[in-house]
Amino acid sequence: METTLQPSSQDLRTNIGNIEAIELSVIGFILWGLLAMMPADETFFNLVMFLVITEGALLGSWLIYNLYIRIARASGRLVDVGIWVFATSLTASYTFWAWTILDVNRWLVTKLLYRGEAPVEYAWSWRSKQVRKLWEQAHKAK
C-alpha cells in the first residue's frame, strides 16, 4: 500500500489555540523587527532580550487570557466576574484592554482561519463559555 504525505494545514486550522499562538508569535517577531530597525546604539544582547520580552508579553498575556476563560467556564458566572474584577484591580486597565484586543483577535481568526467544530469562547461572552461547556459535555458523552 502506498501512503502519501498529506498537508497538515487542515489539522492546524481546526485548533484555535495553535492558530493564535503562531499568529501572536509572528506578530511579536514583526513588531520586534520593526522596532529593531530603528537607529539606536543597541547591542545584539539587548536586541535579543527585547525580542524575548516582546514575545513573553504577547504570549504571556494570551496564556493568562486562556487560563481565565477555562477557569471561568468551569467555575460559573460568579467566579467569572470575581476573577475579572480581581485581575482588573490588580493590573489597572491592562487586563481590560488586553482581553478586549485578544477577543477581537480571536473573532477575526475565527472568521478568517478557524475551521474546527468546537465552539469558540471569548473572555467577555458568558454565553460562549456556556456553549463550549455544553459542547464538551456532549462530546464526552459520545
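Structure report, in brief. All figures in this text were calculated on a predicted structure; none of them were measured in a lab.

## Here we look at the packing of helix 3 (residues 44–75) against helix 5 (residues 94–112)
Put simply, helix 3 and helix 5 touch, their axes get as near as 10 Å, and they point 85° apart. Classified by the interaxial angle, the pair formed by helix 3 and helix 5 is roughly perpendicular. Residues A57, S61, W62, I64, Y65, N66, Y68 and I69 of helix 3 form the contact with helix 5, whose participating residues are Y94, W99, L102, D103 and R106. Tallied by class, residues from the contact of helix 3 with helix 5 come to nine nonpolar, two polar and two charged.

## A look at the pattern of salt bridges
Going through the model one piece at a time under the given rule, you end up with five salt bridges. In this structure, E136 and R73 form a salt bridge, with 2.8 Å as the shortest nitrogen-oxygen distance. On the criterion of sequence distance, the pair formed by E136 in helix 6 (residues 126–141) and R73 in helix 3 is long-range, its members being 63 residues apart. E136 gets classed as partly exposed once you look at its relative accessible area, which sits at 22%. Its salt-bridge partner being R132, residue E136 comes within 3.1 Å of it at the nearest N-O pair. In this pair, E136 and R132 are both assigned in helix 6, four residues apart and thus about one turn of the helix distant. Residue class for R132 comes out buried when judged on its relative accessible area of 16%. Taken together, the shared-partner salt bridges connect R73, E121, R132 and E136 into one network.

Basis of the calculations
Residues numbered from 1 in each chain as written. Predicted model: local features only at pLDDT ≥ 70, side-chain atom pairs only at ≥ 80, totals over all residues. Heavy atoms only, no water. Axes fitted to C-alpha atoms, helices over the stretch in contact; angles between N-to-C directions. Helix = DSSP H or I, 4+ residues; strand = E, 2+ residues; numbered from the N terminus. Parallel < 35°, antiparallel > 145°, perpendicular 65-115°, else oblique. Contact = heavy atoms within 4.5 Å. Nonpolar A, V, L, I, M, F, W, Y, C, P; charged D, E, K, R; others polar. Salt bridge = Lys/Arg side-chain N within 4 Å of Asp/Glu carboxyl O. Buried < 20%, exposed > 50% of the residue type's maximum accessible area, 1.4 Å probe, protein only.

All quantities given are derived from atomic positions and should not be read as evidence of function.
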